[in-house]
Each structure stands twice: as C-alpha cells, then as structure tokens.
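Listed here are the chains, written in short residue letters.
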Amino acid sequence: MHLYFSILNLLTAWVMMAQLQQGVPDEKEKTTALKDLLSRIDLDELMKKDEPPLEFPDTLEGFEYTFNEKGQLRHAKTGEPFVFNYREDLHRWNQKRYEALGEIITKHVYGLLEKECHLKKITLPVDATENEPKSFIFMSEDALTNPDKLLVLIHGNGVVRAGQWARRLIINEDLDSGTQIPYIKRATEEGYGVIVLNPNENYIEVEKTKAQVQLSSDSSDEPAEKRERKDKIQKETKKRRDFYEKYRNPQKEKETIQMYIRDNGSPEEHAIYVWDHFISQSAAENVFFVAHSYGGLAFVELMIQREAEVKNKVTAVALTDSVHNVWHQEAGKTIREWMRENCCNWVSSSEPLDTPVESMLPDCPRVSAGTERHELTSWKSFPSIFKFFSEAIEAKNSSVKPAPMRRSNRIKYEEL
C-alpha cells in the first residue's frame, strides 16, 4: 500500500514537470495526462508486491482457532473471536487469509455432517468414471427408505457448500446460525429422512495446459442439441458466479480451467439431477424442501421441469429469502397456484417473526423471518418452518390448508 502511494506521488510529479516544459495546461489536460499514465500501470500487481506471500495454514489448528462448546469460532490461546484485520493496511492479504480459513470451515462442516449428523457422502454422477470430475451430496441412511417424511435442504449461491447457510455466520457468529446442522438434527429427531444438496459444487479447477485445453474443448458423443443446451447453461452459470468464484482458491496464482461436472454444471441442473436419481425414487409419502436464497430459484426451476412429479411428491416448501421470480422464470399458472397453496417464503423484514409481508408477485405467501439480515433468515425462521411442515401434514390428512398460508394480500416485490 505504501509503495502504491509512493508511485502515485512520483507520477504526479512527473506530470507536473512535463507540464512546466510544455507550458501551463488547463485542468482537463492535467487530468487526462494523469489518467493516461495510471492506465499503463497494473495496480493489482503493484499491490501484490507490497504484501507478504499468500501462504496460509490448511487446518484450524494451524490458524490457532477452534470451535468452543457453543459452536463459536475462538482463538485457541486468547479465546477471542476471529479477527479479519490481522495485518493493518493489507486488506487484500487479510481477505485471502479469510478465504483460506473459509475453505477449512467447509471441510470442517463436511466432517460434522458425517460424524455428528450421521449422514453418508454420495458421489455424483452416480455412474461417474474414475477420471471424470465429481461432486457429492449427503444423505441419511433412511433417506430413500423412510416411508413417511423426507427433508431436502438447498443452500444459496456463492462460496457456501453442502451443510452451510452462510460462511460469514459460521466464522463470526456460530455453527447453529450458519450451518444446516440444527435442521438435520431436528429432522432426524422427528422421524424425517434427510438429503443435503450441494448445488455450488459444479466443476473442478485444474492447471491450464495445452493438453487440458484440448480435452476441455474436445467434442463428445452427446447429441448436438443436448451439448448445446449444457454449454449454454454452463456459460450462464459462469457469468453469474464469476464474482464468487474468485474466492474459491485463495492462493490461486496459476492460470486454471474449469472442468464441469456432468449433469451438475449449475445449481439448477444439480437440483434436477438429485430429484431424478434420489428424491423421486424415495419411499417417503411426504417430501419437504427448505431452500434459501438462490436455492429457491433452483426449486422453482425444478418445478418447471418436473411439475407433475413435484406436485405428486412434495407436501410443502419453506423458502427463506428466496430470490426466485415466477415471471422471469416463466412459471406457468398451475405452478403459481400450487406454490400459493403449498409454499411459504420467510423473508428479511423488521417485522416480528411470521408477520405477513406484502409482495406484487402472484406466487407464494411471504412472512417475516424476524430479521433484516438475509443470511440469518434460515436460522431465525427455523422453529416456524418445522411447525409449518407439521401443519401441512395435518392439512393434507384433513384436506384443510395450514393457517400460515391463508392470505390474499398483495406482496411487494424487492429487486435483488
């Protein structure tokens, strides 16, 4: 940072000296000259030269952090919460350190899903070959055999992975608010089978070489129409997620290419794939979804693609600050009607929990999640959602819709 300002001052002096030799220019010419000089400098590279190496530990112990009995991330020696500004005036380095810790957190949560929640890790695609890119989901032992209830969890977009609602909450608040673990444990206690989706795990990154470029661009045996559709989805996904994916590998300095996972190259594709190969094959009479943020959009796309199956299988859907849009996604009238009767969206609001919130979209009712923070909506609405599911089963058995969904207010749509 200090080097940056030194160079900037030097450039300013350079411009002034040039101006004295050529006569006194006006302010516009001064600004133009300075902009021209600055445009020739890679400021990002300049910043890199003034910071320590981007080398970080690969374990919580290496960072000297641990989770206490309350699920809060604390320094192992001082007991203090995580400190972002570990080095003053080095924002980029601090950010990279935060991202490196975030990747460790992701692996830690995977471990908790298996050890504490007793879920098993399932590789995708189900018929994956040894060398092709793979993803995975987590399932309870009875996910496909439970005859009564199945809970499906879908997180939002970004850097989060299976089992998480928000990485920021895990690091700065606690595991309960930031992960799906409370949902999984309560679902298990109440007799649900559980499937945890992993919709952001769409590709692997490998170092770019000529051979890999040829491999990635080589034509496959797939029909042209299917290949074209997949290419379009993958391009749209990449464009939408470029902002997030710069955080996936905090020490990425080498040029890489993305190798997409077959039939799971986007959150929407992933949701449909898991539906086709797992959820639709389950024995459960009542399937329930909890979908946060972009996960709600993925669910609506699933409905559009598998409308009859979803209507036949799904009893109720709890959305938490969902970003779906039935107009942009071109959801038909029958889908919108089904959503009005079987879905509820807990949105960020200053109103008390479960207070009706207005919208202009003709889809599902919206109620307050009891918080104005988007990332906290899943945690704050947690007790209300399980009550909503219980009422949905009772309503199904008695042919009477649950009370939280009975409302005809117009809802005000909030643009993202």
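Everything below is about the structure printed above this text.
Because the structure is predicted, anything quoted here is derived from the model rather than measured.

Counting its secondary structure elements, the protein contains 16 helices and twelve strands. Counting only residues that meet the buried cut, the protein has 49% of its 416 residues in that class. Element-wise, carbon and sulfur atoms account for 50% of the exposed surface of the protein, whose accessible area totals about 21,800 Å².

Next up on the list: the packing of helix H11 (residues 267–277) against helix H12 (residues 294–305). In contact at an axis separation of 9 Å, H11 and H12 are set at 55° when each is read in the N-to-C sense. Viewed along their axes, H11 and H12 adopt a mutual orientation that is oblique. H11 and H12 meet at a crossing whose hand is right-handed. Touching Pro267, Glu268, Ala271, Ile272 and Trp275 of H11 are Tyr294, Leu297, Ala298, Glu301, Leu302 and Gln305, all from H12.

For the pair helix H8 (residues 181–189) and helix H16 (residues 382–398), the least separation of the axes is 11 Å and the interaxial angle reads 35°. H16 is crossed by H8, and the crossing has right-handed handedness. Touching Pro182, Tyr183, Arg186 and Ala187 of H8 are Phe382, Pro383, Ile385 and Phe386, all from H16. Class assignment for the residues of the contact of H8 with H16 results in seven nonpolar, no polar and one charged.

Moving on: the environment of glycine 71. When you line up the elements, glycine 71 lands in the loop between strand S1 (65–67) and strand S2 (73–75). Through-space distance from the C-alpha of glycine 71 to that of aspartate 174 is 5.2 Å; in sequence the pair is 103 residues apart.

Glancing now at the sheet that holds strand S10 (residues 314–320). Pairing between the strands of a sheet comes from backbone hydrogen bonds, and it takes one of two forms, parallel or antiparallel. Within the open sheet, the eight strands sit side by side as S3-S4-S6-S5-S9-S10-S11-S12. Their pairing is mixed. Of all strands in the sheet, those bounded by a partner on one side alone are strand S3 (120–124) and strand S12 (366–368). Neighbour to neighbour, the strand axes of the sheet diverge by 20° on average, direction disregarded. Here six bridges tie strand S5 (residues 149–154) to strand S9 (residues 286–292), and the two strands are oriented parallel to one another.

The next point concerns the nonpolar core. Leu151, Val290 and Phe389 are the most contacted members of the largest nonpolar core, which has 52 residues in total. A per-element tally of this core places helix H5 (residues 91–115) first, with ten residues. Excluding its chain neighbours within four sequence positions, the residues that come into contact with valine 290 are Leu151, Val152, Leu153, Ile154, Trp165, Tyr183, Ala318, Ile385 and Phe389. Counting residues in each nonpolar core, the second largest holds 37 residues, with Leu150, Val274, Phe278 and Cys343 among its members.

On to the packing of aromatic side chains. Tallying each qualifying case throughout the model produces 21 aromatic pairs. For the pair tyrosine 183 and phenylalanine 382, a centre-to-centre distance of 4.9 Å together with 70° between the ring planes defines the contact as edge-to-face. Residue tyrosine 183 is located in helix H8, and its partner phenylalanine 382 is located in helix H16; the two are separated by 199 residues in the primary sequence. The residues tyrosine 183 and phenylalanine 382 share a single accessibility class, namely buried. With 5.5 Å between their ring centres and 80° between their planes, phenylalanine 382 and phenylalanine 386 make a pair best called edge-to-face. Placement of both phenylalanine 382 and phenylalanine 386 in helix H16 is noted, with a separation of four residues, approximately one turn of the helix. Summarising the burial analysis for this pair, phenylalanine 382 and phenylalanine 386 share the class buried.

Moving on: unusual backbone geometry. Of note, the bond from leucine 124 into proline 125 is cis; its omega dihedral lies within 30 degrees of zero at -10°. One can find proline 125 in the loop between S3 and strand S4 (135–139). In this structure, glutamate 64 is a non-glycine residue whose phi angle is positive, near 65°. Within the secondary structure, glutamate 64 is located in the loop between helix H4 (60–63) and S1. Taking relative accessible area as the criterion, glutamate 64 reaches 31% and is therefore assigned partly exposed.

Attention shifts here to H16. In this model, H16 (17 residues) spans 25 Å end to end at C-alpha, consistent with the 24 Å of a helix rising 1.5 Å per residue. Along H16, the residues classified as buried are Phe382, Ser384, Ile385, Phe386, Phe388, Phe389, Glu391, Ala392, Ile393 and Ala395.

Attention now moves to the pattern of salt bridges. Under the definition given, this model contains 14 salt bridges. For lysine 77, the salt bridge goes to glutamate 64, with nearest N and O atoms at 3.2 Å. Of this pair, lysine 77 sits in the loop between S2 and H5 while glutamate 64 sits in the loop between H4 and S1, placing them 13 residues apart in sequence. One network of salt bridges, with partners in common, ties together Arg168, Glu173, Arg373 and Glu375.

Following the criterion strictly, the structure yields zero disulfides and no others. Free of any disulfide, cysteine 344 has its nearest cysteine sulfur in cysteine 364, 6.8 Å distant. Here cysteine 344 falls in the buried class, since its relative accessible area comes to 0%.

What follows covers helix H14 (residues 333–342). Given 3.6 residues per turn, any residue in an α-helix points the same way as the ones three and four places further on. Along H14, the residues that are buried comprise Ile335, Arg336, Trp338, Met339 and Asn342. In a view along the axis of H14, the buried residues occupy a sector of 160°, so they form one face of it.

Let us look at the environment of alanine 392. Position of alanine 392 among the secondary structure elements: in helix H16. When the C-alpha positions of alanine 392 and cysteine 343 are compared, they lie 9.9 Å apart, and in sequence the two are 49 residues distant.

Looking now at the side chain of serine 282. Position of serine 282 relative to the elements: it lies in the loop between H11 and S9. Overall, the relative accessible area of 5% leaves serine 282 in the buried class. In this structure serine 282 touches Ala143, Leu144, Leu150, Val287 and Lys313, once residues within four positions along its chain are discounted.

Rules used in this analysis
- Residues numbered from 1 in each chain as written.
- Predicted model: local features only at pLDDT ≥ 70, side-chain atom pairs only at ≥ 80, totals over all residues.
- Heavy atoms only, no water.
- Helix = DSSP H or I, 4+ residues; strand = E, 2+ residues; numbered from the N terminus.
- Buried < 20%, exposed > 50% of the residue type's maximum accessible area, 1.4 Å probe, protein only.
- Areas by Shrake-Rupley, 256 points an atom, 1.4 Å probe, with all protein chains shown as cover.
- Axes fitted to C-alpha atoms, helices over the stretch in contact; angles between N-to-C directions.
- Parallel < 35°, antiparallel > 145°, perpendicular 65-115°, else oblique.
- Left-handed = near helix turned anticlockwise from the far one by under 90°.
- Contact = heavy atoms within 4.5 Å.
- Nonpolar A, V, L, I, M, F, W, Y, C, P; charged D, E, K, R; others polar.
- Pairing = 2+ DSSP bridges.
- Core = buried A, V, L, I, M, F, W, Y, C linked by side-chain atoms within 4.5 Å.
- Phe/Tyr/Trp six-rings, centres within 6.5 Å; stacked < 30°, edge-to-face > 60°.
- Expected span 1.5 Å × (residues − 1).
- Salt bridge = Lys/Arg side-chain N within 4 Å of Asp/Glu carboxyl O.
- Disulfide = S-S within 2.5 Å.
- Arc of directions from axis to C-beta.

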